[in-house]
Amino acid sequence: MRLSGKSAIVTGAGSGIGNATVRKFLEEGASVFATDIDASALEDLASECPGVETVAGDVSRLEDGEAIVRAATDKWGKLDILVNSAGITARNVGDQASLEERWDKVMAVNVKGSMLMANAAVGAMRESGGGAIVNLSSVMGFTGYPTTLEFSDGFNPYPSSKGAVSQLTRDMGVRLAGEGIRVNAVAPGFVHTSLTANVTQNPEILKTLNELHPAGRMGTAEEVANVIAFLASDEASFVNGAVWMVDGGYSAQ
Ligand SMILES: NC(=O)c1ccc[n+]([C@@H]2O[C@H](COP(=O)([O-])OP(=O)(O)OC[C@H]3O[C@@H](n4cnc5c(N)ncnc54)[C@H](O)[C@@H]3O)[C@@H](O)[C@H]2O)c1
């Protein structure tokens, strides 16, 4: 019960890593507000996890971020933890989207969305006497995208967006440290979620992806959620501005 007494917002909670994080946080004793742009995924989560609060919203919209934080603080009177797991790849923007549309949308959700949610949460965390923010970077925030997996012509916005999330994490960590608010990120390798499902359905691509990791396999959402829970907990009280690899050794090669 490492998160007993803590109140947390988890974005992107309808699927994948965000969804696994909500379940892990509940196990660890936290009160959880789960949010996602996909309202029906939140309904499914609420029916499976009694006690979880849900509110739908788009993290790339300032007013939605503020409404999500307000809903949580109205309910609990405080906010201790924010996990920014909402994220997309260019594929989510659609095959017909232009290069410019793909870049604008990926940057808006992955980078601006993480910043807007943190911006909305920080006021409530200050009033709560401190807090912890965990962002979702990626190994792709450190390396170029493997050419064997490249999805289309044109530059891919995803690695740049995750590099920006790593920098956002360091900058916010430094900026907020004096107020008792820690900001860290996890940088997963390739993980089995809906984000990767369309490529892992192809056995040859799955084999390539598995072999990219020294562990010989992709990760699970639960393996990432375990590290998020640690970084959000008081056990990580001296970890700040850090980007933790959770990648089966991918980045160590
Ligand atoms: N799966 C991987 O291999 C992997 C690897 C490294 C990093 N990540 C990062 O982890 C995070 C979670 O990814 P995942 O694999 O769980 O993906 P996922 O697609 O399974 O879940 C992402 C969730 O975010 C939600 N979402 C999308 N746009 C949103 C918006 N504008 N506002 C609110 N919610 C929105 C989606 O509805 C979805 O439920 C992302 O930031 C992703 O970039 C994933």
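Scroll up a little and you will see the structure.
Note that the coordinates shown come from a computational prediction; the quantities given were computed from them, not determined experimentally.

*Asks:* Looking at this structure, how should I read the sheet that holds strand S3 (residues 53–56)?
*Replies:* Strand pairing in a sheet relies on backbone hydrogen bonds, with the paired strands running either antiparallel or parallel. If you trace the seven strands from one edge of the open sheet to the other, you get S3-S2-S1-S4-S5-S6-S9, paired in parallel fashion. Either end of the sheet is taken by a strand with one partner, and the two such strands are S3 and strand S9 (243–246). With strand direction ignored, the average angle separating the axes of adjacent strands in the sheet is 20°. Sitting on the sheet, helix H6 (residues 157–176) touches strand S5 (131–136), strand S6 (181–188) and S9, and the angle it makes with S6 is about 160°. Here helix H9 (residues 221–232) sits on the sheet and contacts strand S4 (81–84), S5, S6 and S9; the angle it forms with S6, its principal contact strand, is near 165°.

*Asks:* Looking at this model, I keep getting lost on the packing of helix H3 (residues 62–76) against helix H5 (residues 99–127). Mind explaining?
*Replies:* Each pair of packed helices can be described by the angle between their axes along with the distance between the axes. Following both chains from N to C, one finds H3 and H5 inclined at 35°, their axes separated by 8 Å at the closest point. When the axes of H3 and H5 are compared, the crossing they make is right-handed. Between H3, through Leu62, Gly65, Glu66, Ile68, Val69 and Thr73, and H5, the contact on the second element is made entirely by Leu116, Met117, Ala120, Ala121 and Ala124. Taken together, the residues of the contact of H3 with H5 sort by class into eight nonpolar, two polar and one charged.

*Asks:* For this particular structure, what's the right way to read the side chain of Arg182?
*Replies:* The residue Arg182 is located in strand S6 in this model. Leave out the neighbours within four places in its chain, and Arg182 touches Gly131, Ala132, Ile133, Leu231, Ala232, Ser233, Ala236, Ser237, Val239 and Asn240.

Rules used in this analysis
- Residues numbered from 1 in each chain as written.
- Predicted model: local features only at pLDDT ≥ 70, side-chain atom pairs only at ≥ 80, totals over all residues.
- Heavy atoms only, no water.
- Pairing = 2+ DSSP bridges.
- Helix = DSSP H or I, 4+ residues; strand = E, 2+ residues; numbered from the N terminus.
- Axes fitted to C-alpha atoms, helices over the stretch in contact; angles between N-to-C directions.
- Contact = heavy atoms within 4.5 Å.
- Left-handed = near helix turned anticlockwise from the far one by under 90°.
- Nonpolar A, V, L, I, M, F, W, Y, C, P; charged D, E, K, R; others polar.

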